Amino acid sequence: MTTLAPNNLVYDRPEGFTETPTHYCPGCTHGVAHRLIAEVLEEMNLIPRTIGVAPVGCAVFAYNYFDTDFVEAPHGRAPAMATGIKRVLPDRIVFTYQGDGDLASIGMGEIVHAAARGENLTVIFINNANFGMTGGQMAPTTLPGMKTTSSPNGRDVETQGYPIRMAEMLATLDGVGYCVRRSLHDPKNIRLAKKAIRMAFETQARGLGFSMVELLSTCPTNWGMTPVSSLKFVEEHMMPAYPLGDYKVGAAVATIKI
Amino acid sequence: MSKELWKGNEAIAEAAVRAGLQAYFGYPITPQTEILEYLSRRMPELGRAFVQAESELGAINMVYGAACTGSRVMSSSSSPGVSLMMEGLSYIAGTEVPAVLVNVMRGGPGLGNIAPAQSDYNQAVHGGGHGDYPRIVLAPASVQEAIDLMGLSFDLAEKYRMICMVILDGSVGQMMEPAEMPEMKPIVDRKFEWATNGAIDRERRILSSIYINPPAEEVANFRLGKRWQEVQANEVRYKEYFLDDAEFVIVGFGTAGRVALSAVRTARSEGIKVGLLRPITVSPYPYEVIDQLAGRVSGFLVTEMNMGQMYDDVRLAVRGRVPVEFYGRTGGVVPFPDEILGEIHRIAAGHWSREADPRVSWQTRMADVISEK
């Protein structure tokens, strides 16, 4: 194997990662989201101080990939577990990594109240419009008309309700310091997503309240699309329903320069 | 320290504080709310963590998170709230982290009422959460005993990396009694080699209840099973009264045991040779002492504030050698000593029930007292 000289090395495993290969499907953006978090933790020198909370969902094994202490929460309860950790160890950095079934369906109570209490936590929220791990069922975030294994004729809003916009909803709460939505569908947006993740961890490190980055993500396997058409789907169908934007940037957070 | 007048719930809260409680997470529900209220004042004044959670689900998962850091942590609730916590209890058990949960039991099922009951015995001792998991369950019968068991509950939970539940009926929680508090213990960093408290100058750690490979889960369940055998061998606790020459024995825990003691004392003054066994650990259960007693007494009477739940454990230990009678009140009704005394008189006169399940004749006997009309 050729060893690259450091000045020629343009891409390497971030220190925040272990050497375990991820189990994610080809074309899934979980790996991108993981990498952005690992890069941010490395850049902020937070790896030894960080405790992650994994969800139930496709990212259930996230603890295998990050080189930090990790716990594995019951479905939807990651914000409650993170609250317990942060309250006894306020000088540690605590983050949850949750999908839309976990956070917006079964865990709605936990996420809303963690945000309302202004818990100094960072939440990375993966919105891919379905329950991935169980095989692509309808999630609260599934788009109207979108076919899933539990909305086989397309989500009928008359009987199955409407999508929930979590970033907009949580941004109404006074305990929230930073709450934005980004997308992982192209390099430019991935860079913007990383900056947002950095801001979220900066918010926590400064004790400025609850922070969440919602990331529009792909699920090629369950969407029945190629990776490329999945990325297009995010841009053409997810983004109009879930507009990217800064829904809450607290006054003190807005002064952070990174 | 001298005795002071303490309300059960507040005494439990202060005893936990003095045992080094670092974090409390709870939710209001009668009849345990004073624990939450007391700690909402006490914990912040000591610079310790207190959160009123959004639900019992939230509370138990906060406990789970804090327990993973190796902190002394507890929650408390009453029957319907404890039902909601069963998810978290199973995860805590599967992750092998120590935590204490107090259940101040009320009448059920469902919303039931807020009066004292013992009808969560099976949930605490035999079931509740999903999966194979052991748990230690302590059952105090007085405010003083509740105080003493709080300190023990944390020690046992940490020693065995296991849930320790303290179950008491609402009357012990609400009653005021003279009691002595232990000295305040300092908070100690126990430096558990499993705690996920940040990988500073050490290898990272993971805490999880996942064993995706079935043989690995089987290994984990055997590890818990082996640990449970240690608990059974070393941690059984009970109190015995007048057992030395007893011809028959009453078995009751918590308040039912305490009420039975009054009846036993009266019966003794009448010359009836009846004794009382009051389990303090209902899990691990004192099977062995009942097994031994079954070899020399003519029978047992189990008294509970439920439809006969611990009854099955007594019968398991007795193994059909002698009759096991049952007398209970349920739904939030507390028996009077005279009711137990009446049963003692019936048994002393030789009227043992003959059917396979004496809970049937008990229900028949109660027909005059308990009626739908």
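Considerations on the overall build of chain A
And step 1. For chain A, the count of helices and strands is 10 helices and 9 strands.
And step 2. Over its C-alpha trace chain A gives a radius of gyration of 18 Å, about what one expects of a compact globule, namely 18 Å for 258 residues.
And step 3. Burial statistics for chain A: of 258 residues in total, 57% are counted as buried.
And step 4. Long-range pairs, those at least 24 residues apart, make up 68% of the contacts in chain A between residues at least 6 apart in sequence.
And step 5. About 10,200 Å² of surface is accessible on chain A, with carbon and sulfur atoms providing 56% of the total.
And step 6. Side chains of chain A give 22 positive and 24 negative charges; the mean places of these two sets differ by 4 Å.

Looking at the overall build of chain B
And step 1. From N to C terminus, chain B includes 13 helices and 15 strands.
And step 2. Over its C-alpha trace chain B gives a radius of gyration of 21 Å, about what one expects of a compact globule, namely 21 Å for 373 residues.
And step 3. Projected onto its principal axes, the C-alpha positions of chain B cover 70 × 50 × 45 Å.
And step 4. When each of the 373 residues of chain B is scored for burial, the buried share is 62%.
And step 5. Counting only contacts in chain B whose residues sit at least 6 apart along the sequence, the fraction spanning at least 24 positions is 79%.
And step 6. Looking at chain B as shown, the accessible area adds up to about 14,700 Å², and 52% of this sits on carbon and sulfur atoms.
And step 7. For chain B, the distance from the average position of its 37 positive side-chain charges to the average position of its 46 negative side-chain charges is 3 Å.

A closer look at the sheet that holds strand β9 (residues 206–207) of chain B
And step 1. Within the open sheet, the 8 strands sit side by side as β9(A)-β7(A)-β8(A)-β4(A)-β3(A)-β1(A)-β2(A)-β9(B). Their pairing is mixed. Each having just a single partner strand, β9 (245–249) of chain A together with β9 of chain B make up the two edges of the open sheet.
And step 2. Pairing of strand β4 (residues 122–127) of chain A with strand β8 (residues 210–216) of chain A involves 6 bridges; the strand directions are parallel. Of the residues in β8(A), the one forming a bridge with A:Ile126 is A:Leu215.
And step 3. Of the strands in this sheet, β3 (93–99), β4, β7 (176–183) and β8 of chain A touch helix α4 (residues 108–116) of chain A, which is tilted by about 135° from β8(A).

What to know about the interface of chain A and chain B
Accessible area lost on assembly of the parts is the figure often given for the size of an interface.
And step 1. Listed per partner, the contact involves 32 residues of chain A and 33 residues of chain B.
And step 2. Overall, the association of chain A and chain B removes approximately 2,500 Å² of surface from exposure, summing both partners, and the carbon and sulfur fraction of that is 63%.
And step 3. Among the residues chain A hides against chain B, the three largest losses belong to A:Asp69, A:Pro74 and A:Val88. Together they make up 21% of the total.
And step 4. Counting across the chain A and chain B interface gives 4 salt bridges.

Comments concerning the environment of A:Val94
And step 1. Its location among the elements puts A:Val94 in strand β3.
And step 2. Put simply, A:Val94 and A:Thr122 are 28 residues apart on the chain and 6.6 Å apart in space, counted from C-alpha to C-alpha.

Some thoughts on the packing of helix α10 (residues 287–294) of chain B against helix α11 (residues 311–318) of chain B
All names here are of chain B.
And step 1. The N-to-C vectors of α10 and α11 enclose an angle of 55°; their axes lie 8 Å apart at closest approach. It follows from the interaxial angle that α10 and α11 lie oblique. Between α10 and α11 lies a crossing of right-handed hand. The residues of α11 that touch α10, namely those facing Tyr287, Ile290, Asp291 and Ala294, are Asp313, Val314, Leu316, Ala317 and Val318.

Side note on the pattern of salt bridges
And step 1. Enumeration according to the criterion identifies 40 salt bridges over all chains in this entry.
And step 2. Between A:Arg198 and A:Glu43 there is a salt bridge; the shortest N-O distance is 3.6 Å. A residue pair is termed long-range when its members are at least 10 positions apart, and A:Arg198 in helix α7 (residues 187–205) and A:Glu43 in helix α1 (residues 30–43) qualify at 155 residues.
And step 3. The class for A:Glu43 is partly exposed, based on a relative accessible area of 42%.
And step 4. For B:Glu235, the salt bridge goes to B:Arg237, with nearest N and O atoms at 2.8 Å.

Remarks on the packing of aromatic side chains
And step 1. Evaluation of the coordinates by the stated rule reveals 17 aromatic pairs over all chains.
And step 2. Taken together, a centroid distance of 5.8 Å and an interplanar angle of 80° make the contact between B:Tyr311 and B:Phe326 edge-to-face. Here B:Tyr311, found in helix α11, pairs with B:Phe326, found in strand β15 (residues 324–328); they are 15 residues apart in sequence, far enough to count as distant. Residue B:Tyr311 shares its accessibility class with B:Phe326, and that shared class is buried.
And step 3. A network of ring pairs unites the aromatic residues A:Phe17, A:Phe66, A:Phe70, A:Phe95 and A:Phe201 as a single cluster.
And step 4. Against the face of A:Tyr11 rests A:Arg35, its NZ or CZ located 4.0 Å from the ring centre.
And step 5. When the ring centre of B:Tyr133 is taken as origin, the NZ or CZ atom of B:Arg135, which lies over that ring, is 4.5 Å away.

Some thoughts on the sheet that holds β15(B)
Residue and element names in this part refer to chain B.
And step 1. Read from one edge of the open sheet, 5 strands run β10-β12-β11-β14-β15, paired in mixed fashion. Each having just a single partner strand, β10 (238–241) and β15 make up the two edges of the open sheet. Across the sheet, the axes of successive neighbouring strands diverge by a mean angle of 20°, strand direction being ignored.
And step 2. Of the pairings in the sheet, the one linking β10 to strand β12 (residues 274–279) comprises 4 bridges and is antiparallel in character. Residue pairing in the sheet places Tyr241 in a bridge with Leu276 of β12.

With respect to the domain arrangement of chain B
All names here are of chain B.
And step 1. One can read the domain layout of chain B as domain 1 (4–234) and domain 2 (239–368).
And step 2. A C-alpha centroid distance of 29 Å is found between domain 1 and domain 2.
And step 3. Residue-level contacts link 32 residues of domain 1 with 24 residues of domain 2.
And step 4. Taken together, the two surfaces of domain 1 and domain 2 that pack against each other cover about 2,100 Å², and 51% of this comes from carbon and sulfur.
And step 5. Per-residue buried area on domain 1 facing domain 2 is highest for Gln118, Tyr121 and Ala141; these three make up 32% of the total on that side.
And step 6. Between Glu177 and Arg258 there is a salt bridge, with its nearest N and O atoms 2.4 Å apart.
And step 7. Across the contact surface, domain 1 and domain 2 share 18 residue pairs in polar contact (both at pLDDT 80 or more).
And step 8. Those elements giving two or more residues to the side of domain 1 that touches domain 2 turn out to be α5 (121–125), β6 (136–138), α6 (143–160), β7 (163–169), α7 (170–174) and α8 (214–234).
And step 9. Of the residues that constitute the side of domain 1 that touches domain 2, the class distribution is 18 nonpolar, 9 polar and 5 charged.

Description of the pairing of β4(A)
All names here are of chain A.
And step 1. In terms of burial, β4 is largely enclosed, as 6 of its 6 residues are buried.
And step 2. The alternating pattern of β4 places Thr122, Ile124 and Ile126 on one face and Val123, Phe125 and Asn127 on the opposite face, and all of these are buried.
And step 3. Alignment of β3 against β4, held across 5 bridges, turns out to be parallel. By the bridge assignment, Tyr97 is partnered in β4 with Ile124.

Calculation rules
- Residues numbered from 1 in each chain as written.
- Chains lettered and ligands numbered in written order.
- Predicted model: local features only at pLDDT ≥ 70, side-chain atom pairs only at ≥ 80, totals over all residues.
- Heavy atoms only, no water.
- Helix = DSSP H or I, 4+ residues; strand = E, 2+ residues; numbered from the N terminus.
- Rg over C-alpha atoms; globule rule 2.2 N^0.38 Å.
- Buried < 20%, exposed > 50% of the residue type's maximum accessible area, 1.4 Å probe, protein only.
- Contact = heavy atoms within 4.5 Å.
- Areas by Shrake-Rupley, 256 points an atom, 1.4 Å probe, with all protein chains shown as cover.
- Lys, Arg positive; Asp, Glu negative; His and termini not counted.
- Charge placed at Lys NZ, Arg CZ, Asp CG, Glu CD.
- Pairing = 2+ DSSP bridges.
- Axes fitted to C-alpha atoms, helices over the stretch in contact; angles between N-to-C directions.
- Buried area = accessible area lost by both parts, 1.4 Å probe.
- Salt bridge = Lys/Arg side-chain N within 4 Å of Asp/Glu carboxyl O.
- Parallel < 35°, antiparallel > 145°, perpendicular 65-115°, else oblique.
- Left-handed = near helix turned anticlockwise from the far one by under 90°.
- Phe/Tyr/Trp six-rings, centres within 6.5 Å; stacked < 30°, edge-to-face > 60°.
- Lys NZ or Arg CZ within 6 Å of the ring centre and 35° of its normal.
- Domains from an automatic or database assignment.
- Polar contact = N/O pair within 3.5 Å; in protein donor to acceptor, adjacent residues only side chain to side chain.
- Nonpolar A, V, L, I, M, F, W, Y, C, P; charged D, E, K, R; others polar.

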